[in-house]
Amino acid sequence: MRSIQRNTAFVSAALAILAFGIFLSPQRHLAAQATPQARIVVIRDEELQRHPFDYEAKEVFRETIRLHYPRWASYTQQLTFGKMVNTYDLATIVWNAGLGCLADCPFPAISVNPSVLLATLILRYGEAPPPGFNAYQTLRQIYLEINRLYQENRDRSQVWQDRFANLGSYVMYQLLGADEQRLGKWLTLYRELVPEARVFQEVTPTSTPTVIVPPPFLERPYATATPFGTPAMPGYPLNSFFDHRYPIFNAEPAGDRLNFIRLDGQEFFTPTVPVDPNKCDTGRTCYTGHDGIDYGIPEGVPVRAAADGEVVWRNDDCGWIILEHERNGSTLYTEYMHMSAIFVSEDDEVVAGQTIGEAGDVADNINCFSDGAHLHFGVRLYFGPGTSNTNIDPFGWWTGGEDPWETYSGGYESRWLWWGDEAGDGHHTVDDTESQAQLLYPSNWWYDENGYNGGAWWTYEVTSEEASTNWAIWGTYIETPGTYVIQAYWPASEEATRLAWYRIYTEQDGWIGSAWVDQAAHGGEWYTLGTYNLPTGPVAVILTDWEDGALERARRQVTENSSPPRVYFDAVRWATPTPQVTPTPIPTPTPTPTPTPTRTPTPVPTPTPTPRWGWWEAAEEAALQERTPQERAAYSRLLSQVRDEVMTPDPKGDAYIRLTYRYAPELTALLLRDPVLRRETAQLLDEVRPLLEEMLAQRERSHLRVSAEWVKRAQEVLNRIEPQASPALRGEIRWWRGWLPRFVGKTGWEVWQMLPQRSAEGWPAGRLPEEVVLQGLSRMDALAYGRLLSRVRDEVMLKEQGGEVYVTLVYRYTPEVMGILLGDEALRKEAEALLVEARPGLEMLVGERGEWRFGWRWVERMKAFLEKLAGKGSPELRGEVEWWRERVRGWVGKTPPEVWRELLREPRVREALEQR
């Protein structure tokens, strides 16, 4: 099977330097340093934007207005939101106006300091409001103008930097009609009217206390039909998930505004994520930067408390309340927004399931925004000063490893929090109508009354992951660790799919296994998905409507006019565990004359965590670990030749090469972990080597052919890999499993010719790494540079013991680097310039050129280049880049061979060799 792991020394391995490609999205220019020419100093940029999320501060604000301008303090305005008509004083209107807008802003919104708005209002209208004054519209217009000026000029420092101390000064100057005298009056008013020490003294964000997320405790926050009856749908459409990329809309970094990561780790990019917030990508999301979940609930449907608690916040402008819940020594908060009616008040005690309001479309377009009736539901770990961004996803995080949201300051771990044993059969048995089961996108589902507890849901199978929107997650909490039998139930149906794909997860380890199930053959019974050793904590099972059923339908001779098979979503249970043996302390010997010999228990082996990448090996190096370095290097050179001479010249070859880049690191990790798999793969490589060599030499005149026995064992290797693989790699394995039987009796050249054109989503922009970076060169020149990098890898790096350490680092980071470079044209050009200038050094390494040394200017530019990356890459990439920054500074005046010898003496090389 395609074990071709062509050297990814593109970009970086080039000197093992540029190694990790190196990119940074443009930094926002928020403020320039004050210049000697600055004559106007008004307000710092951060003061212009500040708007603390603290409600006690509004009382201070209200008192300030009352003391200085009593006639403004007596102003009120009546506003209507949904079914509620409310009267607001000026302090509330000003305070709310500063929070920004989303739906009708042609730019990313910022929050605006309410004292800035108040000072502007007083300057324009004097000590009292004029007759018929509309404060809501006026303050909204002031806000929009400040935001427009700020956004238009944030990256145009040349417009204001030569005269103004910062962007904030320039914005206020322009807002007031470019009138310095008026600006001076505004400045005096701003400083005297609302002294910062007075207004913001009470709202300095406090440190957020340590919070332990409790076990699940939530029920669905809306009314459903009578349990286990025949509801019209299994729930309400989930229009938008929690965005694990960066769930803060107004503060989402520019590079993250067009993508989002769902709870199962699936990432969506434009055009999947709609640019227009009024257009939803059905079944996935309506927009990015979302800190909660949106249920598409019609107006008037009862909204219910998700747990017992106390009402600590009510805002009728947004149909918004927040409940406080005490659970297991921690305090959490749930919020409900856009309700057309609210039936509770602050300080009220509520119980789980109590109706607290009715769903609606209420929004003031200042603090909250809505494009149709729905319920925004969120969970916070804290509620108070400076804590507007302490939201978590109550659906949890199921891919294993660190939640991306945790990597940001203010981010918190997400956890599965749904409980609600509505059926009364114990929380380890979860039916589709219980809160522990969430069926998503339910508007495209149909009901079957023959399932567990008298009902089930089904949807039509789709064979494209892009078309998949219907899926279900069943979750529970394991209190007692041990061995559990996980089972699924669905009604008997001849129309059911034969390829339902259930995936098993734990919060601790992510995806731990899966089962392909023939639902047509096993309906009406509890079917065992597998037996697993489960730790304490949340666990889940996920089933989607995406099944690779094309081959199965062909066998069943389903015509084009036939309906696709049905995927049934019903119930899952975690059977009573077999008690796990508690580690027993060393026993005190019993004083018996002749101790009875006892057999020492064989400990259950603890699974070795699968590394995210193969740390110090390339795929073929990992498979051929028991061979000599010379044998491994020779095989790598053979694979490089296959890539350069067969795959690259063929238009379809790009996709296969990019797919290799995508999956090689994960395959490497699996080979390193599993010695049996490694030996089986090595044997397959040995047997196919003559075929590859003949293909290179003879092409269409080849005569060596793929044997049926080789294909059979290759299928067995794929079967061994699949349970350990990621979702993406599983899909790739299924693709190759379908093609392998066709290879029997074919030569290597015939196999390559028969393979179809493929797409390679997941590798940036459909280009090879050298093409991504060297866009200023012709394609032929870029590929020639790639061949030079291949020679550096094969003739220099893999020739010496320890060189594979650096080659494998390139395997590990190339995909991330390429994606980064594609996002920043200026940085890509800098990478290209550095590589082009360093080409003589690469040619020196392979003996094609005389002496070349690293210059001071090249090194300084490289250091600056790497510094930008350190702040923007993943945590792993940042650490690697920092390592290289420390080494690059010492390269001035040295030749590439001298640098290479230094790199081989690094501790990381010695440690890697010792680990072998």
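S.K.: Any chance you could explain the overall build of the chain here in plain terms?
M.R.: Helix and strand counts for the chain come out as 26 helices and 28 strands. Within the chain, contacts between residues at least 6 apart in sequence are counted, and of these 74% link residues at least 24 apart. Total accessible area computed for the chain in this model is approximately 38,600 Å², and 50% of it derives from carbon and sulfur atoms.

S.K.: Could you clarify how one ought to interpret the sheet that holds strand 25 (residues 537–544) in this entry?
M.R.: Each strand in a sheet pairs with another by means of backbone hydrogen bonds, the pair being arranged parallel or else antiparallel. Pairing in this open sheet of five strands is antiparallel, and the strands run 17-20-25-22-23 from one edge to the other. At either end of the open sheet lies a strand with only one pairing partner, and these are strand 17 (437–440) and strand 23 (510–517). Going from strand to strand, the sheet's axes swing by 20° on average, the running direction of each strand aside. Strand direction decides the pairing type here: strand 20 (residues 471–478) and strand 25, joined by eight bridges, are antiparallel. Bridge pairing links Trp-471 to Thr-544 in strand 25. Across the sheet, helix 17 (residues 727–739) is in contact with strand 22 (500–506) and strand 23; its angle to strand 23 comes to roughly 35°.

S.K.: I'm lost on the side chain of Ser-468 in this one. Help?
M.R.: Mapped onto the secondary structure, Ser-468 falls in the loop between strand 19 (456–460) and strand 20. At 2.5 Å, the side chain of Ser-468 forms a polar contact with the side chain of Asp-545. The residues touching Ser-468, leaving out its near neighbours within four places in the chain, are Arg-284, Val-462, Thr-544, Asp-545 and Trp-546.

S.K.: Honestly, the pairing of strand 8 (residues 309–315) in this entry has me stumped. Any pointers?
M.R.: For a regular strand, the rule is simple: side chains alternate between the two faces of the sheet. As paired strands, strand 8 and strand 12 (residues 349–350) are joined by two bridges and run antiparallel to one another. Considered in strand 12, the bridge of Gly-309 is made with Val-350. Bridge count between strand 8 and strand 9 (residues 320–327): five bridges; the pairing is antiparallel. Paired with Glu-310 across the two strands is Glu-324, which belongs to strand 9.

S.K.: Help me understand the pairing of strand 27 (residues 571–574), please; the structure alone is not making it clear to me.
M.R.: Here three bridges tie strand 16 (residues 429–431) to strand 27, and the two strands are oriented antiparallel to one another. Residue pairing in the sheet places Asp-431 in a bridge with Ala-571 of strand 27. With four bridges connecting them, strand 21 (residues 482–489) and strand 27 associate as antiparallel partners. Bridge pairing links Tyr-489 to Ala-571 in strand 27.

S.K.: Is there a simple way to explain the confidence of the model for the chain in this structure?
M.R.: Detailed reading of the predicted coordinates is not advisable wherever pLDDT is low. When pLDDT is averaged along the chain, the result is 77; 77% of the residues meet or exceed 70. Least confident of the elements in the chain is helix 10 (residues 196–199), whose mean pLDDT is 42; most confident is strand 27, at 95. Here residues 1–38 is a poorly scored stretch, pLDDT under 50, and it has 165 contacts once near neighbours within four places are set aside; other chains count. When the criterion is pLDDT under 50, residues 197–209 qualifies, and its contacts beyond four places in sequence or with other chains add up to 28 contacts.

S.K.: Could you clarify how one ought to interpret the sheet that holds strand 13 (residues 355–358) in this entry?
M.R.: Taken in spatial order, the three strands make up an open sheet running 7-13-11, and their pairing is antiparallel. The open sheet has two free edges, formed respectively by strand 7 (302–304) and strand 11 (341–342), since each of these has just one partner strand. The pairing of strand 11 with strand 13 spans two bridges and is antiparallel. The partner of Ala-341 across the bridge, within strand 13, is Glu-358.

S.K.: Would you explain a negative patch on the surface in this entry?
M.R.: Judged by side-chain charge, Glu-346, Asp-347, Asp-348 and Glu-349 come together as a negatively charged surface patch. Residue position: Asp-347 is located in the loop between strand 11 and strand 12.

S.K.: Got a minute to help me understand the nonpolar core in this structure?
M.R.: In a soluble, globular protein the nonpolar side chains are often hidden away together inside. By size, the foremost hydrophobic cluster in this structure holds 52 residues, and its most contacted members are Leu-218, Tyr-295, Tyr-336, Ile-356, Phe-377 and Ile-473. Counting only elements with at least two residues in this core, the list comes to strand 6 (293–295), strand 9, strand 10 (330–337), strand 14 (375–380), strand 20, strand 22 and strand 25. Per-element accounting of this core gives the leading share, three residues, to strand 14. Beyond its immediate sequence surroundings of up to four residues, Ile-473 is in contact with Leu-263, Phe-395, Trp-398, Trp-416, Gln-436, Ala-437, Gln-438, Ala-540, Val-541 and Ile-542. In terms of nonpolar packing, the next biggest core, distinct from the first, is built from 51 residues, Val-772, Leu-834, Leu-842 and Leu-869 among them.

S.K.: Would you mind showing me how to read the packing of helix 6 (residues 135–153) against helix 8 (residues 167–175) here?
M.R.: Pairs of packed helices are described in terms of their axes, by the angle between the two and the distance that separates them. Where helix 6 meets helix 8, the axes come as close as 9 Å, and the angle between the chain directions of the two elements is 130°. Here helix 6 lies oblique to helix 8, going by the angle between them. In the packing of helix 6 onto helix 8, the handedness of the crossing is right-handed. In contact with Glu-145, Ile-146, Leu-149, Tyr-150 and Asn-153 of helix 6, helix 8 contributes Leu-167, Tyr-170, Val-171, Gln-174 and Leu-175.

S.K.: How do you make sense of the pattern of salt bridges when you look at a structure like this?
M.R.: Opposite charge on two side chains lets them pair, provided their charged atoms get close. One pass over the full model with this rule turns up 35 salt bridges. Across the salt bridge formed by Glu-722 and Arg-737, the nearest N and O atoms sit 2.7 Å from each other. Within this pair, whereas Glu-722 is found in the loop between helix 16 (708–721) and helix 17, its partner Arg-737 is found in helix 17, the two being separated by 15 residues in sequence. A salt bridge links Glu-830 to Arg-861; its shortest N-O distance comes to 3.1 Å.

S.K.: I tried to follow the packing of aromatic side chains on my own but got confused; where do I start?
M.R.: Given two aromatic rings, one states the distance between the centres and the angle between the planes to describe the pair. Throughout the structure, instances matching the rule amount to 42 aromatic pairs. Taking the centre distance of 5.0 Å and the plane angle of 75° together, the rings of Trp-735 and Trp-736 count as edge-to-face. Ring-pair connections join several aromatic residues into one group, and the members of that group are Tyr-336, Phe-377, Phe-395, Trp-398, Trp-416, Trp-418, Trp-501, Tyr-505, Trp-511, Trp-516 and Trp-546. Arg-262 extends its terminal NZ or CZ atom over the ring of Phe-241, reaching a point 5.5 Å from the ring centre. Across the ring face of Trp-458, the terminal group of Arg-566 is positioned such that the distance to the ring centre comes to 3.7 Å.

S.K.: I would appreciate a short explanation of the packing of helix 4 (residues 90–97) against helix 6 in the present structure.
M.R.: Between helix 4 and helix 6, the least distance of the axes is 9 Å, while the angle of their chain directions is 30°. Judged by the angle between their axes, helix 4 and helix 6 are roughly parallel. Where helix 4 crosses over helix 6, the two elements pack in a sense that is right-handed. On helix 6, the residues touching Leu-90, Ile-93, Val-94 and Ala-97 of helix 4 are Ala-135, Tyr-136, Leu-139 and Tyr-143. The class makeup of the residues in the contact of helix 4 with helix 6 is eight nonpolar, no polar and no charged.

What counts as what
Residues numbered from 1 in each chain as written. Predicted model: local features only at pLDDT ≥ 70, side-chain atom pairs only at ≥ 80, totals over all residues. Heavy atoms only, no water. Helix = DSSP H or I, 4+ residues; strand = E, 2+ residues; numbered from the N terminus. Contact = heavy atoms within 4.5 Å. Areas by Shrake-Rupley, 256 points an atom, 1.4 Å probe, with all protein chains shown as cover. Pairing = 2+ DSSP bridges. Axes fitted to C-alpha atoms, helices over the stretch in contact; angles between N-to-C directions. Polar contact = N/O pair within 3.5 Å; in protein donor to acceptor, adjacent residues only side chain to side chain. pLDDT = per-residue confidence, 0-100. Patch = residues over 30% accessible without salt bridge, like charges linked within 9 Å, V, L, I, M, F, W, Y side chains within 5 Å. Salt bridge = Lys/Arg side-chain N within 4 Å of Asp/Glu carboxyl O. Lys, Arg positive; Asp, Glu negative; His and termini not counted. Charge placed at Lys NZ, Arg CZ, Asp CG, Glu CD. Core = buried A, V, L, I, M, F, W, Y, C linked by side-chain atoms within 4.5 Å. Buried < 20%, exposed > 50% of the residue type's maximum accessible area, 1.4 Å probe, protein only. Parallel < 35°, antiparallel > 145°, perpendicular 65-115°, else oblique. Left-handed = near helix turned anticlockwise from the far one by under 90°. Phe/Tyr/Trp six-rings, centres within 6.5 Å; stacked < 30°, edge-to-face > 60°. Lys NZ or Arg CZ within 6 Å of the ring centre and 35° of its normal. Nonpolar A, V, L, I, M, F, W, Y, C, P; charged D, E, K, R; others polar.

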